[in-house]
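Close look at the chain arrangement
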Amino acid sequence: SLVLQPLWNYLLQNHHDFLRSPPFPAILSVSTYFILVGVYTILDLLAPTWPCINRYRLHPDRPVTWPNIWTTLTVTIYNHVLYIFPATVAQWLWRPPTLLPREAPTFPSFVLGILGCLVLFDFQYYLWHLLHHQIPWLYRTFHAIHHQYNQTFSLVTQYLSGWELFSVGFWTTVDPILLQCHCLTAWSFMVFNVYISVEQHCGYVFPWSMNNLVPFGLWGGAPKHDAHHQRPGTNFAPYFSHWDRLGGTHVV
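Residues numbered from 1 in each chain as written. Predicted model: local features only at pLDDT ≥ 70, side-chain atom pairs only at ≥ 80, totals over all residues. Heavy atoms only, no water.

Let us now look at the packing of aromatic side chains. Following the criterion strictly, the structure yields 25 aromatic pairs and no others. Seen in terms of ring centroids, Tyr-40 and Tyr-204 are 6.1 Å apart; in terms of plane orientation they differ by 25°. Their pairing is stacked. Placement of the pair is Tyr-40 in helix H2 (residues 24-46) and Tyr-204 in the loop between helix H8 (183-201) and helix H9 (210-213), with a sequence separation of 164 residues. Each of the two residues, Tyr-40 as well as Tyr-204, counts as buried. A ring pair is formed by Tyr-125 and Trp-128, whose centres lie 5.5 Å apart and whose planes are at 15°; its orientation type is stacked. Placement of both Tyr-125 and Trp-128 in helix H5 (residues 107-134) is noted, with a separation of three residues, approximately one turn of the helix. Its relative accessible area of 9% is what places Tyr-125 among the buried residues. You can call Trp-128 buried: its relative accessible area is 7%. Taken together, the ring pairs in this structure connect Phe-121, Tyr-125, Trp-128, Trp-171, Trp-219, Tyr-239 and Phe-240 into an aromatic cluster. (Phe/Tyr/Trp six-rings, centres within 6.5 Å; stacked < 30°, edge-to-face > 60°. Helix = DSSP H or I, 4+ residues; strand = E, 2+ residues; numbered from the N terminus. Buried < 20%, exposed > 50% of the residue type's maximum accessible area, 1.4 Å probe, protein only.)

Structural data, given as structure tokens:
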């Protein structure tokens, strides 16, 4: 805990009441999402006239348009007003404040906790995703909206049905509890999970993109999820590539 204890002490001393309030995790996730989407949307609007940005796009010849942005943003805001905001208020009213421990997590438990949550979430969403593609009623009722775009860009990340948004939010919240993670680990997982979800849909491959950082093709990233939107019978896992390799649905 020597590595993370100074950070944890600072947070406890300066933001204790906010951190322990029940709405904090939702506020953290939502603000992270809109900041990231804002950055990528600016890149999308600059890309057609900025070759230094456009060359990193998966589809440099197909710019993201204002109608694309407004359509996806409208659904995103609708979902947040109809589902996320009421759920956040309900947590604030009914859940007790979070008990914050004095000790920070050790650095190994912090890293392993985030990795464990990622692996578990990846498996859960892989099964969910596979079922919603193989059962026509599930696809038609819940998942088809996400596939209205066969070219991904950041705002497609939460261009979802309420059921899919709830499923993703449920696992993100429950997995750190199941793995008995420290609250700092849980919050960090939530932020990282939002980051890689947006990166997966962003339509860019930068030198620092996760699929370039994780070796041996273990990480799918934006190229493989973009391929899924063009060939919906492939690449069902959200992050790692091992389930699709085992299931014979992996394509590059």
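Back to the write-up after that little detour.
So, about the UniProt feature "domain: Fatty acid hydroxylase" (unreviewed entry) in the protein chain. UniProt tags residues 115-249 as "domain: Fatty acid hydroxylase" (unreviewed entry). As annotated, residues 115-249 comprises 62% helix and 0% strand, and the C-alpha atoms at either end are separated by 23 Å. (UniProt positions renumbered as here; feature names shortened; annotations may be inferred.)

Time to look at empty space enclosed by the protein. Applying the stated criterion to the full structure yields one cavity of 30 Å³ or more. If you add up the space inside the largest cavity, you get close to 70 Å³. Lining of the largest cavity is provided by 13 residues; of these, Gly-220, Lys-224, Asn-235, Ala-237 and Asp-244 occupy positions nearest its centre. For the lining of the largest cavity, the element with the highest residue contribution is helix H10 (residues 221-230), accounting for three residues. (1 Å grid on protein atoms, 1.4 Å probe; cavity = no way out; pocket = protein on both sides within 12 Å on 5 of 7 lines; lining within 4 Å. Points joined across faces, edges and corners; volume = space filled by probe spheres on them.)

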